[in-house]
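# Structure assessment
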Amino acid sequence: MSLILKLTWRNTWRNPRRSLITVAAIAVGVASLVFFWALIDGVHEQVIRLSCDVLPGEIQIHKKGFAKNPALEDTIQDVDTVRKVIASHPEISGISERIKTYALASSAEDSAGVMVLAVKPEQEMKVTYFYDRVITGEYLKPDDVKGVLLGKILAENLNVGVGDKVVLLSQAADGSLGAEAFRVRGIVDFSVTELNSGAMIAHIEGVASMLYLTGIHEFALKLKDLRKSDEIKKELQAQLGKQYEVLTWKDIMPFLYQGIEMDNASMYLILIIVTIIAGFGVMNTILMSVTERTREFGIMHAMGADMGMIFRMVVLESIMLNLIGVAAGMGLGILLSVYFNHVGIDLSNFSDIMEMFAMPKVLYPYFTADSLYHVTSSVGVIFLVAVLASLYPAYKVSRLQPVEAIKYV
């Protein structure tokens, strides 16, 4: 075997220029896949966290059916029991109790339909991050039951600023018209156009009083590890029973989950193209090498060398080229990923577009558990296809007749 390896190594570098071109093609393909998988998975992780942290939370719990048909009266009444179940789970790091409703917000100059999210300010800080996105004024204080926060576009549309009065009108739980005056405490940039133009954050006690409402509509949860959301959902659903619905970010934002799946499918399409290129590159290199050494193979066979040995030698050449190319590509791809993970890819010049699609303005590639699977499977496919591409040249040389091969010029 050591003889075959020595001959294989020598033959691999007999034409170093051609071998280096093949290795470079494989390395560039693998490096591109490693980097782009890290970038895609990193961006997916950022987008999921950004989308969850803006407002929805990572898991939501409602009375069954509320998500599809949110009705004001569909509240969770046994709040203490549900709260205890949630608090007992070790993977949950934050809990926020909420009321959701739609209302007409009126200022002295204009009015607009708004989505009102009523929260306990101190709880909400542990689940979402919009408290840190107040660009004018301040976040709600725990005892400020008459204060509200407005999205920046909504504030412009109503022509109000910090300290101005906004009146909310909405149907109350008893069927009457609930109305209450609130004071604007702050203006928020949610980084999502839809929320900036239509979201209002209020204190849960002030809204509950206006709507004559008991109970809450929703528990929003923050997890220690977002990747465990499906597992935690099953555990909470089993503990809470069928009268409640437990939804992960995939259920809350199905469009986001579908977009991620489409991105992954696109990457696999790129993988197919890179694999074809790598396969043809290796096959071309091995075919050229075999053609140049036809006479040599004939002499080796005439001197007693088994054609099976020559077959293995040709396949080993392909494996060597692939191993070198894959190793170089993996190293280059990881270096690129680590570098851009530290410096980021700044797209702040396209901030309006990024905001429209709820995308971060600076992208950071990094490896997740999904990345490891994607990279290993992609590199494995490239390696396998490239090795299979060498079987044809190896089969061709194994069928040579010594006399004809020796005469080959």
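Residues numbered from 1 in each chain as written. Predicted model: local features only at pLDDT ≥ 70, side-chain atom pairs only at ≥ 80, totals over all residues. Heavy atoms only, no water.

## A look at the overall build of the protein
Counting its regular elements, the protein contains 16 helices and 12 strands. Since a compact globule built from 409 residues should have a radius of gyration of about 22 Å, the 31 Å found for the protein marks it as more spread out than a globular shape. Dimensions of the protein, computed from the C-alpha atoms along their principal axes, are close to 100 × 45 × 30 Å. Relative to its 409 residues, the protein shows a buried fraction of 49%. Contacts in the protein between residues far apart in sequence, at least 24 positions, make up 79% of those at least 6 positions apart. (Helix = DSSP H or I, 4+ residues; strand = E, 2+ residues; numbered from the N terminus. Rg over C-alpha atoms; globule rule 2.2 N^0.38 Å. Buried < 20%, exposed > 50% of the residue type's maximum accessible area, 1.4 Å probe, protein only. Contact = heavy atoms within 4.5 Å.)

## Focus on the nonpolar core
Formed by 45 residues in total, the largest nonpolar core has its most connected members in Ile 61, Leu 150, Leu 168, Phe 219 and Leu 221. Residue contacts for Leu 168: discarding those within four places in its chain leaves Ala 103, Leu 104, Ala 105, Val 114, Val 116, Gly 178, Ala 179, Glu 180, Phe 182, Met 200 and Met 210. By size, the runner-up hydrophobic cluster in this structure holds 17 residues, among which are Phe 130, Val 134, Phe 190 and Leu 195. (Core = buried A, V, L, I, M, F, W, Y, C linked by side-chain atoms within 4.5 Å.)

## A few points about the pairing of strand β2 (residues 92-106)
Sheet analysis places β2 next to strand β9 (residues 218-223), joined by 6 bridges and oriented antiparallel. Residue pairing across strands places Ser 96 opposite Ala 220, the latter belonging to β9. In this structure, β2 lies alongside strand β3 (residues 111-119), joined through 9 bridges in antiparallel fashion. Looking at β3, one finds that Lys 100 is bridged to Leu 117. Linking β2 to β3, which pair antiparallel, is a turn of 4 residues. Both β2 and strand β6 (residues 165-171) contribute to a ladder of 3 bridges, which runs antiparallel. Across the sheet, the residue bridging to Ala 105 is Leu 168, located in β6. (Pairing = 2+ DSSP bridges.)

## Some details on helix α3 (residues 79-87)
Along α3, the residues classified as buried are Val 79, Val 82, Val 85 and Ile 86. Each buried residue of α3 sits inside an arc of 130° when the element is viewed along its axis, so together they form one side. Exposed residues pointing more than 90 degrees away from the buried face of α3 are listed as Lys 84 and Ala 87. The elements touched by buried residues of α3 are β1 (59-63), β2, β9, α8 (229-240) and β10 (244-248). (Arc of directions from axis to C-beta.)

## Looking at helix α7 (residues 204-211)
Burial analysis of α7 places 6 of its 8 residues in the buried class, the great majority of the element. On its buried side, α7 packs onto β2, β3, β6, β7 (177-188) and β8 (199-203). Directly beyond the C-terminal end of α7, a positive phi value near 50° is found at Tyr 212.

## Thoughts on unusual backbone geometry
What you tend to see is this: most non-glycine residues have negative phi, and most peptide bonds are trans. For Asn 159, which is not glycine, the phi torsion reads 55° and is therefore positive. The phi angle at Tyr 212 is positive, at roughly 50°, despite the residue not being glycine. Residue placement: Tyr 212 occurs in the loop between α7 and β9. With a relative accessible area of 54%, Tyr 212 lands in the exposed category.

## Side note on the packing of aromatic side chains
Tallied over the entire structure, the rule returns 7 aromatic pairs. Taking 6.0 Å as the distance between ring centres and 65° as the angle between the ring planes, the aromatic pair formed by Tyr 131 and Tyr 139 counts as edge-to-face. Through a chain of ring-to-ring contacts, the aromatic side chains of Phe 35, Phe 36, Tyr 339 and Phe 340 assemble into a single cluster. A cation sits over an aromatic face here: Lys 146 above Phe 182, 5.8 Å from the ring centre. (Phe/Tyr/Trp six-rings, centres within 6.5 Å; stacked < 30°, edge-to-face > 60°. Lys NZ or Arg CZ within 6 Å of the ring centre and 35° of its normal.)

## Details of the environment of Phe 182
Here Phe 182 lies in strand β7. Phe 182 sits 35 residues away from Gly 147 along the chain, and the two C-alpha atoms are 5.6 Å apart.

## Considering the pattern of salt bridges
Opposite charge on two side chains permits them to pair, given that their charged atoms come into close proximity. Across all of its chains, the model carries 19 salt bridges by this definition. Ionic pairing is found between Asp 53 and Lys 222, a salt bridge with its closest N-O pair at 2.7 Å. You can see Asp 53 sitting in helix α2 (residues 16-54) and its partner Lys 222 sitting in strand β9, a full 169 residues away along the chain. Judged by relative accessible area, which is 17%, Lys 222 ranks as buried. Connected through shared salt-bridge partners, Glu 45, Arg 49, Asp 53, Glu 58, Lys 222, Asp 225 and Arg 227 make up one network. (Salt bridge = Lys/Arg side-chain N within 4 Å of Asp/Glu carboxyl O.)

## What to know about the side chain of Asp 53
In this structure Asp 53 comes out as buried when scored by relative accessible area, which is 16%. Side-chain polar atoms of Asp 53 contact the side chain of Lys 222, separated by 2.7 Å. Beyond its immediate stretch of four places on either side in the chain, Asp 53 contacts Glu 58, Val 127, Thr 128, Tyr 129, Phe 130 and Lys 222. (Polar contact = N/O pair within 3.5 Å; in protein donor to acceptor, adjacent residues only side chain to side chain.)

## A look at the pairing of β1
Along β1, 4 of the 5 residues are buried, which leaves the element largely enclosed by surrounding structure. Relative to β9, β1 runs antiparallel, the two sharing 3 bridges. Bridged to Ile 61 within β9 is Phe 219. Relative to β10, β1 is paired through 5 bridges, and the arrangement is antiparallel. Pairing of His 62 across the sheet is with Glu 245, part of β10.

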